[in-house]
Structure formats: structure tokens, C-alpha cells
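One-letter residues, chain by chain:
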Amino acid sequence: MVKFLLGLLIGLLIFPAWGYWYVRSGRMPVATAAPPLPMERQLAHMALNFQIEKSAPEKPGVPADEPNLMAGAKLYVAQCAVCHGVPADQKSAIAKGMFPDPPQLFHLTGVTDDPPGESFWKIQNGIRLTGMPGFKDSLTDTQMWQIAQLVATGNKVPASVSDFLKKNAPKD
Ligand code: HEC
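Residues numbered from 1 in each chain as written. Predicted model: local features only at pLDDT ≥ 70, side-chain atom pairs only at ≥ 80, totals over all residues. Heavy atoms only, no water.

Enquirer: Hey, could you run me through the overall build of the protein in this one?
Expert: Helices and strands together make up the secondary structure of the protein, namely 8 helices and 0 strands. Each helix (α) and strand (β) of the protein, taken in turn from the N terminus, gives the series α-α-α-α-α-α-α-α. Principal axes of the C-alpha set define a box for the protein whose edges measure 75 × 35 × 30 Å. In the protein, which comprises 172 residues, the proportion classed as buried is 32%. Residue pairs in contact within the protein that sit at least 24 positions apart in sequence constitute 65% of those at least 6 positions apart. As presented, the protein carries roughly 11400 Å² of accessible surface, and 64% of it is formed by carbon and sulfur atoms. Distance between charge centroids for the protein: 9 Å, based on 16 positive and 14 negative side chains. (Helix = DSSP H or I, 4+ residues; strand = E, 2+ residues; numbered from the N terminus. Buried < 20%, exposed > 50% of the residue type's maximum accessible area, 1.4 Å probe, protein only. Contact = heavy atoms within 4.5 Å. Areas by Shrake-Rupley, 256 points an atom, 1.4 Å probe, with all protein chains shown as cover. Lys, Arg positive; Asp, Glu negative; His and termini not counted. Charge placed at Lys NZ, Arg CZ, Asp CG, Glu CD.)

Enquirer: Hey, could you run me through the packing of aromatic side chains in this one?
Expert: Two aromatic rings, taken as a pair, are described by how far apart their centres are and by the angle between their planes. Applying the stated criterion across every chain, the model contains 4 aromatic pairs. Note on Phe15 and Trp18: the rings are 6.1 Å apart at their centroids and 25 degrees apart in plane angle, and the pair reads as stacked. Residue Phe15 and its partner Trp18 are located together in helix H1 (residues 2-24), separated by 3 residues, close to a single helical turn. Taking relative accessible area as the criterion, Phe15 reaches 61% and is therefore assigned exposed. (Phe/Tyr/Trp six-rings, centres within 6.5 Å; stacked < 30°, edge-to-face > 60°.)

Enquirer: I'm lost on the coordination of the iron atom of the ligand in this one. Help?
Expert: Metal coordination angles have textbook ideals: 109.5 degrees for a tetrahedral set of four donors and 90 or 180 degrees for an octahedral set of six. At this site the iron atom of the ligand is bound by His84 (NE2) and Met132 (SD), with donor distances of 1.9 to 2.1 Å. Taken together, the 6 donor atoms coordinating the iron atom of the ligand span angles of 87 to 178 degrees at the metal, a pattern that classifies the geometry as octahedral. In this pair, His84 sits in helix H4 (residues 81-84) while Met132 sits in the loop between helix H6 (116-125) and helix H7 (141-153), placing the two residues 48 residues apart along the sequence. Judged by its relative accessible area of 14%, His84 falls in the buried class. (Donors = N, O, S within 2.8 Å, 3.2 Å for Na, K, Ca; no water. Tetrahedral: all angles 85-135°; square planar, octahedral: opposite > 155°, others 65-115°.)

Enquirer: How should the environment of Ser138 be read in this particular structure?
Expert: Mapped onto the elements, Ser138 comes out in the loop between H6 and H7. Considering only alpha carbons, one finds Ser138 and Leu75, 63 residues apart in sequence, at a separation of 11 Å.

Enquirer: Got a minute to help me understand the environment of Gln143 in this structure?
Expert: Mapped onto the secondary structure, Gln143 falls in helix H7. Residue class for Gln143 comes out partly exposed when judged on its relative accessible area of 24%. A C-alpha to C-alpha distance of 16 Å links Gln143 and Val161, two positions 18 residues apart in sequence. Not counting residues up to four positions away in its chain, the partners in contact with Gln143 are Leu75 and Ser138. In this structure the side chain of Gln143 is engaged in a polar contact, spanning 2.9 Å, whose partner is the backbone nitrogen of Thr140. (Polar contact = N/O pair within 3.5 Å; in protein donor to acceptor, adjacent residues only side chain to side chain.)

Following this line, the structure appears as C-alpha cells:
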């Protein structure tokens, strides 16, 4: 019993002491260019996914028709393109320098495999400590749904919307 308590005490002391040494010795990655810690991405996304499962709305607030996608594209160009890019464009200087990487939403599948409600939640609330801002104090629900439908449609947006996005690529 005494041995067990002693072991417990040492265990409780060693972990915080090691943690303090790790940070104090300048080993903890703080630069955006530093490689991720083991499991950093998985742990961060696990917490995010649990919260979204609980609170993302299921029924889209607007249909994914041309007028809504075009309205979404105008907002996207103003608020999102500098980090998330437009179809057929290089990453901006800002996007290149961020950690974690802002996914390029019109490349490959982007977030077309996520339900629009999940992207709506991310646009509304942001993702803490990643650089992804929350927009609930700046955009209306309708505007956030228009953008969510745009990114859920991805490369399958009508040609008019795709042309608009390409013409309004962020300037480096
Ligand atoms: C300053 C840069 C920045 C801006 C501006 C920004 N985002 Fe993000 N966004 C990020 C980063 C970084 C991530 C990655 C977060 C992570 O890895 O968890 C992200 C993640 C996302 C995701 C989740 C992607 C995935 O693969 O699950 C969506 C959807 C998204 N952003 C949409 C938007 C929309 C729409 C806007 C504009 C209304 C926007 N973002 C504005 C930086 C930005």
C-alpha cells in the first residue's frame, strides 16, 4: 500500500515536472512552420467532431440553387478566398504561412463530402486556435447558409458561379 501511494505520488509529480521542462526548454512547437505534435491533428479533430455531432443543424436554411450559390460566392470572395482559395488558383501567401493548413475548398473534394450543416456550424463558430474565424457576429444565418451551400457544392457549382470565383481570385 505504501509502495503504491509512493508510486502514485511520484507519478503525479513526474508528469507535470516533465511537462514544465518540455515547455521551458523551448521544445514545444510554436511556429506555424514546425511539424505537428504526435496525435495533435487527431485529438483536435476528435473534440471538434463530437461537438458538431451534437449541435450542427441538419436541415439547410436555403436551397443550393443558382441565386444562393452566386450570393454565397460573393461573400466567399470577400471573407474566405484569401485562406481557402478559388477554383484553379494557387495558394495565397497567407494560406501558405498558416498552421494548420487552410484546406483549399475547390481542390479535389474540398468539403463536398461534409453535410452543409457541418460547414454552416464551422462558419458560424470558427475553429479555435487554427485561424478559422467564426462569422456569427458579422453575417446573417441566410448568408452563412449561402456560403455553406457553395462549399458543399464545390467544383459542381454552375459555370457562372465558377467564372465569378476565378475572376475574383485573391491577389498575392
Ligand atoms: C484567416 C484564414 C481563414 C479564413 C479567412 C477562413 N478560414 Fe476556414 N479555415 C481556416 C483554417 C486554418 C482551417 C483548418 C482548421 C482545422 O484544421 O481544423 C479552416 C477550416 C475550414 C473548414 C473545415 C474544412 C474541413 O476540411 O473540414 C471550412 C468548411 C471552412 N474553413 C470554411 C470557411 C469559410 C466558408 C470561410 C469564409 C466565410 C472561412 N473558412 C474563412 C482558415 C480560414
